[in-house]
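Listed below, chain by chain, are the residues.
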Amino acid sequence: MKTPDSFSDLCARTICGIFFVVLGGCATFPDWMPASGASRQQVQESRESSRVQGIQVVDVNDALARTLAASKKLAQFADIFKTTTSNNYQLGPGDIVELSIWETPPAMLFGATVLDPTSGPITSRSVTLPEQMITQEGTINVPFAGRVRVNGRTPPEIEADIVKRLGGKANQPQVLVRVVKNNTSNITVVGDVTSSTLMPLTPKGERLLDALAIAGGVKQPVNRMSVQLSRGSRSATMPLDAVIRDPRQNILLEPGDVVTALFQSQSFSVLGATGKNDEIPFEAQGISLAQALARSGGLVDSRADARGVFVFRFEDANLVEINDRSVVASNGTVPVVYEINLRDPASFFVTQNFPIQNHDVVYVANSPTTEFEKFLRLLVTVTSPAVTLNRLAQ
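This structure is a prediction, so every number in the text was calculated from the model and none was measured.

The next thing to look at is the packing of aromatic side chains. Following the criterion strictly, the structure yields 5 aromatic pairs and no others. Aromatic pair Phe268 and Phe282: ring centres 6.2 Å apart, planes at 45°, arrangement tilted. Separated by 14 residues along the polypeptide, Phe268 in strand E13 (residues 267–272) and Phe282 in the loop between strand E14 (278–281) and strand E15 (287–288) bring together distant segments of the chain. Given the relative accessible area of 1%, Phe268 is considered buried. Under the relative-accessibility criterion, Phe282 is labelled buried at 2%.

What follows is the structure, encoded as structure tokens:
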């Protein structure tokens, strides 16, 4: 007959004692228990101590999500680079031009007049001047018209000026200016394109996507590419697919522009109670937290604590209320833990506005029930052999 003090009863009382101790500890389990990371409670308990370490723990609401989204929204080319509706093709020093001049018969300066009636009607002939390179001073030389300033002027403007200068000297002259070689109105296309090139502009008016097409297109998928446009002292970057979708962003180019195609190898890491733990790439235009969770397989229903969704990030110090200014990194960022409670239905709207950025870590904590189940399994694993041996001994 079994006695109350048998070994099996002792083990049972021990298990019950540990059980109630754990319950009394508010679901806080020993550090040596296996886990995929900190529990929601452990992250929250570190809120006070994190101030000493310089880590900010921030509850995410709709206002914060919208603020972060607005701060990380890239400016649009159409707003930054104000361009006209057409490209006024202007000449400059280094361009090579050719001039042809006609006179109405009888010609007085250029061409020759046919005097023999038997040879047909009286006509005029054009004179084509030798090709000229526009000087550093921005001028060309035209017989009987002298030095003509052409820098910053279009061919029609130059033609009208030469005709005016020849007035009273030539008989109703007509002038044609032809650009033989364009050396000044060019744009540069570099980066992750098939062939970097120096593209000359024409009076047609080339646009941003024309430049990429001339360079042979981009070498990476369009949704992973960004385009940087530099003009003078200004520079801006937009996702390439955003430029393709919005024709207003396909702006006219100007001489001296530099177009750079950039491959955006952006990714975030997802850990904890999700469908998969992985490093996941995302598009150049960015994604929201809702999209990030969906791409990771969502929260695992049997493991996840929906109240404990966290985003670990080195955030711009200007966007965070910093408790300790001494912890600001040299690059102007501070470590921040953003906390989202998906038990609140309104938080699903928040996750659609919350932007994920490069190198973010998304972590979903295990629920207390999951940790408790692991603890019970561990107790059974440890005590079961002892109970079995005791029974065999009896």
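If you trace the backbone, Val193 turns up in the loop between strand E8 (186–191) and strand E9 (197–200). For Val193, a relative accessible area of 3% corresponds to the buried category. Along the sequence, Val193 and Ala261 sit 68 residues apart, while their C-alpha atoms lie 6.5 Å from each other. Sequence-distant contacts of Val193, defined by excluding residues within four places in its chain, comprise Leu212, Ala215, Gly217, Val218, Lys219 and Ala261.

What follows covers the pattern of salt bridges. Opposite charge on two side chains permits them to pair, given that their charged atoms come into close proximity. Under the counting rule described, the total for this entry stands at 15 salt bridges. Residue Arg178 pairs with Glu98 through a salt bridge whose shortest N-O separation is 3.1 Å. Taken as a pair, Arg178 in strand E7 (residues 174–181) and Glu98 in strand E2 (residues 96–102) lie far apart in primary sequence, 80 residues in all. Accessibility expressed as a relative area gives 40% for Arg178, which makes it partly exposed. The salt bridge involving Asp210 is made with Lys204; its shortest N-O contact spans 3.7 Å. Residue classification places Lys204 among the exposed residues on the basis of a relative accessible area of 62%. Taken together, the shared-partner salt bridges in this structure form one network comprising Lys72, Arg313, Glu315 and Asp360.

Grouped together as the largest cluster of nonpolar side chains are 29 residues, with contacts concentrated most on Val60, Phe268, Leu289, Tyr338, Phe354, Ile356 and Val362. Among the secondary structure elements, those contributing two or more residues to this core are helix H3 (62–71), E13, helix H8 (289–295), strand E16 (304–316), strand E17 (333–340) and strand E19 (361–366). If you look at the next biggest cluster of nonpolar residues, it comprises 23 residues, including Ile187, Ala211, Ala242 and Ala261.

Calculation criteria
Residues numbered from 1 in each chain as written. Predicted model: local features only at pLDDT ≥ 70, side-chain atom pairs only at ≥ 80, totals over all residues. Heavy atoms only, no water. Phe/Tyr/Trp six-rings, centres within 6.5 Å; stacked < 30°, edge-to-face > 60°. Helix = DSSP H or I, 4+ residues; strand = E, 2+ residues; numbered from the N terminus. Buried < 20%, exposed > 50% of the residue type's maximum accessible area, 1.4 Å probe, protein only. Contact = heavy atoms within 4.5 Å. Salt bridge = Lys/Arg side-chain N within 4 Å of Asp/Glu carboxyl O. Core = buried A, V, L, I, M, F, W, Y, C linked by side-chain atoms within 4.5 Å.

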